[in-house]
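Here's the letter readout for the chains.
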Amino acid sequence: MPEYKAACRGCHGGCMHILTVEDGRVVRVRPDPDGPLNRGRACVKGMSIIEQMYHPDRLTHPLRRIGARGDGRWERITWEEAFGEMAERLGTLRQKHGPESIALITGTGRHHLPQFWRFANVLGTPNATSSGALICLGPRKNAGDLTAGHFAGVDYYGETRPGGILVWGANPAISGADGELTFHMKDAVREGIPLIVVDPKPNELTRAAKLWLPLRPGTDGALALGILNLLISEKLYDRDFVENYTHGFDALTARCKEYDLDRAAKITDLDPALIREAARLIAETKPLALEWGCAIEQSTNAVQTCRAIFMIPALTGNYDVPGGFVESMEIAPTADILLDRLSPEMIRKCVSGGYPLCDGRASPKLFAHPWLTMEAMKTGEPYKIRALISSANNTLISAPDSRHTYECLQALEYFVYMDFFRTPTAELADLILPAALWPEVDSVFCMPEFGDVAALCMQKVVQVGECMADEDVFLELSRRMGLDYGAQSQREILDGILAELGRRRPEYAGIDFEAFKKRGWIAPKREYYGYKRRGFQTPTGKFELYSTVLERSGADPLPAWQEVPESPVSRPDMREEYPLILTTGSRTTPFFISNNRQIKSLRRRHPFPLVSMHPETGVKYGIREGDWVFIETARGRITQKAVFLEEMRRDTVSCEMGWWYPEAGAPCYGWDESNANILTVGRPPHDPVGGAYQLRALLCRIYPNPDCGIEARYEAWMSGKA
């Protein structure tokens, strides 16, 4: 039976697998022992791909709504009918109201992402957005670009092992995305590599850490500035790096003095001695790497907090060193997004909120603000957005303030949705399109924003039903609308990417996609200290502690922090009604964002959403471990199942994100029962640089939910009785 090498994209990782095909079906999947990232290992998401592909509820053909929006009544249509309808409806709106009346939204950044932006620009709309980019990876990526010209990651793959890892707002033992897979963090723990963990919630890594800083949620930026102040004032920084390779050290020094040890400790609710110990351990650990996650981004301090944290390994001499915090090798480009297709007038129409990283002043990419884009659907301000095309985005679950999102989606004139399964968001669409899973897609996977190791091959080995890759839909719809996509086929685009890879690295010149499929990946040898050879890719050629790009855009050029809009400090008037701090976003290995809740082998591993709290907090509010609990904020309430953690802060509870219940049935699928985004804030004020909104450090209350029927429904579904 034929076997094929293919990269899994069940998350943002890049595990290579060997797929066995028999009679046009994938019958076996096993981790590739030579895979440059996973090295013969894989998680349960990737290993469940056969169950996902051939699931009885999988979308395998286009569907058109035949009842009222949200009624859950559909008819099967052909792709010819689907493309004809889309071309006519979108073309009419585009001609009558302008391209800006059509918005695009995406979520998880997988193979389709560059061509998502390309399609928006070909369509001529400035209103392409994502429910995730402003609060998941985007601020970290932008912090790297603004400060060093590149992103960076942990050097797990070189000959020198990290001497220690600073883990901040992440749990890579569980989430394992972004090419830095769970296996490598677990290896580090087994090897005894010391960890310094910053997280208000205890987890697998806090228990293994040499030092754990359980700060008050939402104060990460103040802690980072306090640590920088100690590194500078105690002269614990790398003098050669600072003197020869940085810009703005004196200005940063002055800013950090505002966060002396006493102030940093008071803001973060940490022992001053613990902060000092952490700063000194960071300074003495060589080489030190940084693992950071989206917890620090889901705040109105997102970009500047990320900038401050990004500076810590650099100032201590650990940037782009063997075993340290290494910058991206930029192995291959992504597909050209064709931004030049948008006129200056159209760029000014972007519903960006005026944030420098959204409107193009501080970033090479235009980005419509997701909450404001939704608001424009309902209110018509600054103008009416009439149509939405959704690709890989379960918006009702992933966007903030979900009840607001529901109202906005209901106000659309035309809504096209593309995914693997029907979801709560799909049920609000006019047209549902069946998306291809990773064994059904040709692509070159190389995300240059990460400290990347290899360019990986995805290849289509089977066809399931009428499923189509997102980027194939973009290209064909452009053709049907008479728009120039800049290529006649996906193969042309992929060959172009590989040609540029060969130009950058002549040893790989001449490899086209057919040859790449046989190879499976390209993994060049890493080189270190790139900045010593070519400088930093910033306007000054230096590591910009003081950002000249932000200065030109009118934003604060130095890292800063301020209290989030809703917290015990900023809103003491709410404390009587909402006495606890809520942090959202906890993840579990079987799921990726809102994906996989209908895959029974994965649900068995984690059947229900959990809300974590200290045992004394539970007792105080009449809750026993294992009870279903109402969690309520000023936006609404949800229910999750209580778990007690002895190490948890007594003033904080933490709930899981991404939850809906396929077993609850169409059209609602229980979207409002346990969905953390019902509790979160999307409205302004936002992060002044990048537009991020507050998903954590919110104020909440909890109380028992004695009549919850979620478990009984789940058991009936799993037993086949539902």
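A brief structural summary. (Residues numbered from 1 in each chain as written. Predicted model: local features only at pLDDT ≥ 70, side-chain atom pairs only at ≥ 80, totals over all residues. Heavy atoms only, no water.)

## Topic: the overall build of the protein
Thinking step 1. Each helix and strand counted, the protein has 25 helices and 27 strands in total.
Thinking step 2. The C-alpha radius of gyration of the protein comes to 24 Å, within 12% of the 27 Å expected for a compact globule of 722 residues.
Thinking step 3. The burial tally for the protein puts 66% of its 722 residues in the buried class.
Thinking step 4. A fraction of 74% describes how many contacts in the protein between residues 6 or more apart in sequence connect residues 24 or more apart.
Thinking step 5. Of the roughly 25,000 Å² that the protein leaves accessible, carbon and sulfur atoms contribute 49%.
Thinking step 6. The positive charge centre, built from 85 side chains, and the negative charge centre, built from 93, are 1 Å apart in the protein. (Helix = DSSP H or I, 4+ residues; strand = E, 2+ residues; numbered from the N terminus. Rg over C-alpha atoms; globule rule 2.2 N^0.38 Å. Buried < 20%, exposed > 50% of the residue type's maximum accessible area, 1.4 Å probe, protein only. Contact = heavy atoms within 4.5 Å. Areas by Shrake-Rupley, 256 points an atom, 1.4 Å probe, with all protein chains shown as cover. Lys, Arg positive; Asp, Glu negative; His and termini not counted. Charge placed at Lys NZ, Arg CZ, Asp CG, Glu CD.)

## Structural notes on the sheet that holds strand β4 (residues 63–65)
Thinking step 1. Sheet architecture is open: 7 strands sit in the order β5-β4-β17-β16-β15-β6-β7, paired in mixed fashion. Each edge of the sheet is formed by a strand with only one pairing partner; in this case those strands are β5 (74–76) and β7 (128–130). Between one strand axis and the next, the sheet turns by 20° as a mean value, whatever way the strands run.
Thinking step 2. Examined bridge by bridge, strand β16 (residues 414–419) and strand β17 (residues 431–434) share 4 bridges and lie parallel to one another. (Pairing = 2+ DSSP bridges. Axes fitted to C-alpha atoms, helices over the stretch in contact; angles between N-to-C directions.)

## Focus on the sheet that holds strand β19 (residues 455–458)
Thinking step 1. Read from one edge to the other, the open sheet built from 3 strands follows the order β18-β19-β20, with strand pairing classed as antiparallel. The two strands at the open ends of the sheet, each matched to only one other strand, are β18 (443–445) and β20 (521–522).
Thinking step 2. The pairing of β19 with β20 spans 2 bridges and is classified as antiparallel. Paired with A455 across the two strands is I522, which belongs to β20.
Thinking step 3. Those strands touched by helix α19 (residues 490–504) are β18, β19 and β20, and its axis lies near 35° from that of β18.

## Brief notes about empty space enclosed by the protein
Thinking step 1. Within the structure shown, the criterion is met by 8 cavities of 30 Å³ or more.
Thinking step 2. Considering only enclosed or pocket space, the largest cavity measures out at about 290 Å³ in volume.
Thinking step 3. Residue lining of the largest cavity: 25 residues in total, with R110, D419, F420, L437 and N595 positioned closest to the centre.
Thinking step 4. Counting residues per element, the ones that place at least two in the lining of the largest cavity are α2 (49–53) and β16.
Thinking step 5. For the lining of the largest cavity, the per-class residue count stands at 10 nonpolar, 10 polar and 5 charged. (1 Å grid on protein atoms, 1.4 Å probe; cavity = no way out; pocket = protein on both sides within 12 Å on 5 of 7 lines; lining within 4 Å. Points joined across faces, edges and corners; volume = space filled by probe spheres on them. Nonpolar A, V, L, I, M, F, W, Y, C, P; charged D, E, K, R; others polar.)

## What about helix α6 (residues 182–191)?
Thinking step 1. Those residues of α6 lying buried are T182, F183, H184, M185, D187 and A188.
Thinking step 2. Looking at the buried residues of α6, the elements they touch are β9 (164–168), β10 (195–198), α7 (204–208) and β13 (288–292).
Thinking step 3. Count one or two residues on from α6 and you reach G192, which has phi positive near 85°.

## A closer look at the nonpolar core
Generally speaking, nonpolar side chains in soluble globular proteins are found buried as a group.
Thinking step 1. Counting residues in each nonpolar core, the largest one holds 118 residues, and the members touching the most others are M86, L90, L104, I165, L433 and F516.
Thinking step 2. In terms of residues, this core owes the most to one element, helix α3 (residues 79–97), which gives 7 residues.
Thinking step 3. Contact partners of I165, with chain neighbours within four places excluded, come to Y156, M185, A188, I193, P194, L195, I196, L288, A289 and E291.
Thinking step 4. Of all hydrophobic cores here, the second largest spans 61 residues; its members include I232, I312, F536 and F543. (Core = buried A, V, L, I, M, F, W, Y, C linked by side-chain atoms within 4.5 Å.)

## Quick word on the side chain of S101
Thinking step 1. Examined against the element boundaries, S101 turns out to sit in the loop between α3 and β6 (102–106).
Thinking step 2. A relative accessible area of 1% means that S101 is categorised as buried.
Thinking step 3. A distance of 2.7 Å separates a polar side-chain atom of S101 from the backbone oxygen of G98.
Thinking step 4. Those residues in contact with S101, other than ones at most four positions away along the chain, are L93, K384, I385, R386 and A387. (Polar contact = N/O pair within 3.5 Å; in protein donor to acceptor, adjacent residues only side chain to side chain.)

## Notes on the pattern of salt bridges
Thinking step 1. Taken as a whole and assessed by the stated rule, the structure comprises 46 salt bridges.
Thinking step 2. For E80, the salt bridge is made with R480, and the minimal N-O distance between the two is 3.0 Å. With E80 in helix α3 and R480 in helix α18 (residues 470–480), this pair connects stretches of sequence that are 400 residues apart.
Thinking step 3. The partly exposed category is assigned to R480, whose relative accessible area is 33%.
Thinking step 4. Between K517 and E514 there is a salt bridge whose closest N-O contact spans 3.2 Å. A residue pair is termed a helical-turn pair when its members lie 3 or 4 positions apart in one helix, as K517 and E514 do in helix α20 (residues 513–519) at 3 residues.
Thinking step 5. Salt bridges sharing partners connect three or more residues here, namely E80, E476, R479 and R480. (Salt bridge = Lys/Arg side-chain N within 4 Å of Asp/Glu carboxyl O.)

## What about the environment of T548?
Thinking step 1. With respect to the helices, strands and loops of the structure, T548 is situated in helix α22 (residues 548–553).
Thinking step 2. A C-alpha to C-alpha distance of 9.6 Å links T548 and L558, two positions 10 residues apart in sequence.
Thinking step 3. Ignoring anything within four residues of it in the chain, the contact list for T548 reads H247, P539 and T540.

## Here we look at the pairing of β16
Thinking step 1. Most of β16 sits inside the fold, with 6 of its 6 residues counted as buried.
Thinking step 2. Across the two faces of β16 the burial is the same, with Y414, V416 and M418 and F415, Y417 and D419 all buried.
Thinking step 3. Note that strand β15 (residues 387–391) and β16 share 5 bridges and pair parallel. Paired with L388 across the bridge in β16 is F415.

## A closer look at the side chain of E427
Thinking step 1. You can see E427 is positioned in the loop between β16 and β17.
Thinking step 2. Setting aside chain neighbours within four positions, we find E427 in contact with G70, G72, W74, R422, A666, P667 and Y669.

## Focus: the packing of helix α4 (residues 113–123) against α18
Thinking step 1. Running from amino to carboxyl end, α4 crosses α18 at an angle of 15°, the nearest separation of the two axes being 9 Å. For the element pair α4 / α18, the angle class is roughly parallel. For the element pair α4 and α18, the recorded crossing hand is left-handed. Two secondary-structure elements touch here, α4 through Q115, F116, F119 and V122 and α18 through E471, F474, L477 and S478.
Thinking step 2. The residue makeup of the contact of α4 with α18, split by class, is 5 nonpolar, 2 polar and 1 charged. (Parallel < 35°, antiparallel > 145°, perpendicular 65-115°, else oblique. Left-handed = near helix turned anticlockwise from the far one by under 90°.)

Geometric descriptors of this kind do not, in isolation, establish any biological role.
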